[in-house]
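Here's the letter readout for the chains.
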Amino acid sequence: MKLTLHHINLSTEKVGEMTDFYRRVLCLNDTDRDIPALEKGKGYSGEVGFVWDGAVQVHLAEKDVMAGFKTGQIVNPLVRGHIAYRTDDLDAFRAHLEAQGVPYSDWGHAAVKGWRQIFFYDPDGNIIEVHEVSATPDGAADSS
């Protein structure tokens, strides 16, 4: 159940301007490495800019206050943004959260094709994502 920092998501109404800012001012680069395939017809239809420092991505996502309603989830990671960790065993991590008494929203594949995602709050109300890349036996991303 190893966790590694994968990305920080900032919600914005200025995706292009924010992406340009992070490129110019913070000298982050565009990336096509390990970019999520957004499920535009399911829970999130906004635009996203993707930049990174070579290790951690920054997702500059269009704010969507209705995403929780569209997916039937309590935690909406597209209102204020979130920090995201990748795990190699999401089921074990969910069991860990349950043992700790931490409630979570299970988004499954509603936002990203091939990723199973859960979201929960820290004690100060910050949103945390933990996701696992799910693969079929042939190694291709799961399309369910």
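The rules we used
- Residues numbered from 1 in each chain as written.
- Predicted model: local features only at pLDDT ≥ 70, side-chain atom pairs only at ≥ 80, totals over all residues.
- Heavy atoms only, no water.
- Pairing = 2+ DSSP bridges.
- Helix = DSSP H or I, 4+ residues; strand = E, 2+ residues; numbered from the N terminus.
- Contact = heavy atoms within 4.5 Å.
- Axes fitted to C-alpha atoms, helices over the stretch in contact; angles between N-to-C directions.
- Phe/Tyr/Trp six-rings, centres within 6.5 Å; stacked < 30°, edge-to-face > 60°.
- Buried < 20%, exposed > 50% of the residue type's maximum accessible area, 1.4 Å probe, protein only.

(A) Inspection of the sheet that holds strand β2 (residues 29–30) at higher detail. The sheet built from 8 strands is open, its strands ordered β2-β4-β5-β1-β6-β10-β9-β7 with mixed pairing. A strand with exactly one partner marks an edge of an open sheet, and here the two such strands are β2 and β7 (105–108). Across 2 bridges, the pairing between β2 and strand β4 (residues 48–52) is antiparallel. Each bridged residue has a counterpart across the sheet, and for Asn29 the counterpart in β4 is Trp52. The sheet contacts of helix α1 (residues 15–24) involve β1 (3–12), β2, β4 and β5 (57–62), and relative to β5 the element is tilted by about 160°. Those strands touched by helix α3 (residues 90–100) are β1, β6 (82–87), β7, β9 (115–121) and β10 (127–133), and its axis lies near 15° from that of β9.

(B) Region of interest: the packing of aromatic side chains. Applying the stated rule across the entire model yields 3 aromatic pairs. Summarising the aromatic geometry, the rings of Trp107 and Phe119 are spaced 5.5 Å apart at their centres and angled 70° between planes, so their arrangement reads as edge-to-face. Linking Trp107 in strand β7 with Phe119 in strand β9, this pair joins segments that are 12 residues apart in sequence. Judged by relative accessible area, Trp107 falls into the buried class, the value being 3%. Since its relative accessible area comes to 1%, Phe119 is described here as buried.

(C) Here's a closer look at the pairing of β9. Summarising burial for β9: 5 of the 7 residues are buried, a large majority. Bridge analysis of β7 against β9 gives 3 bridges, and the strand direction is antiparallel. Residue pairing in the sheet places Gly108 in a bridge with Gln117 of β9. Relative to β10, β9 runs antiparallel, the two sharing 7 bridges. Looking across to β10, one finds that Ile118 is bridged to Val130. Counting the residues in the hairpin turn of β9 and β10 gives 5 residues, including Gly125, whose phi is positive at 90°.

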